[in-house]
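# What the coordinates show
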Amino acid sequence: QAFRDAGADIITVHPEAGPHVHRTLQAIRATGAKAGVSLNPGTPVEAVDPIIDLVDLVLVMSVNPGFGGQSFIETSLPKIEKLRKKIDATGRDIILEVDGGVNAKTAPKVIAAGATALVAGTAVYGGDASAYADNITRLRSAA
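Thresholds, definitions, all that
Residues numbered from 1 in each chain as written. Predicted model: local features only at pLDDT ≥ 70, side-chain atom pairs only at ≥ 80, totals over all residues. Heavy atoms only, no water. Buried < 20%, exposed > 50% of the residue type's maximum accessible area, 1.4 Å probe, protein only. Helix = DSSP H or I, 4+ residues; strand = E, 2+ residues; numbered from the N terminus. Pairing = 2+ DSSP bridges. Right-handed = clockwise from strand over helix to strand, strands pointing away.

Counting buried positions along strand 3 (residues 57–61) gives five out of five residues, so the element sits mostly inside the fold. Of the two faces of strand 3, both are covered, the one formed by Leu57, Leu59 and Met61 as well as the one formed by Val58 and Val60. Where strand 2 (residues 34–39) and strand 3 come together, four bridges link them in parallel fashion. Looking at the pairing, Val37 lines up with Val58 of strand 3. Note that strand 3 and strand 4 (residues 95–99) share five bridges and pair parallel.

In structure tokens form, the structure reads like this:
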């Protein structure tokens, strides 16, 4: 509830964060927020199967969480493709987001694999503040 009170419209959790991800997603939805689930590189796609009816967003971590500037893990692409198929099979408008190593080179790959939202940190904030607008333009052009 604290996240919702702070203004969050979508709250995303890792299935490994607690023993009852189903209950956690229900609690998020009860606040009026959209619920998401985040899959680390080592978390299998099948982790969404029992909860896909409760999620509005699936986030694929294409690096191991912890710090910026990591390289995109290429084995994330088949994972994104599998998730796209699972999402499409539901007939629901579930966001498929990718976070980690997203840049002008990897953005077209993740979009081709089925992602509908991208998170970019280093690709946007590399250089000084005067470079940010050009970095965003370059990323959008590549996507």
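Next, the rest of the story.
Moving on to the pairing of strand 4. The side chains of a regular strand alternate between the sheet's two faces. As judged from the three bridges shared by strand 4 and strand 5 (residues 117–119), these two strands associate in the parallel manner. For Val98, the partnering residue across the bridge sits in strand 5 and is Leu118. This β-α-β element, strand 4 to helix 4 (residues 107–113) to strand 5, shows right-handed connectivity.

Functional significance is not addressed by these values, which are geometric in nature.
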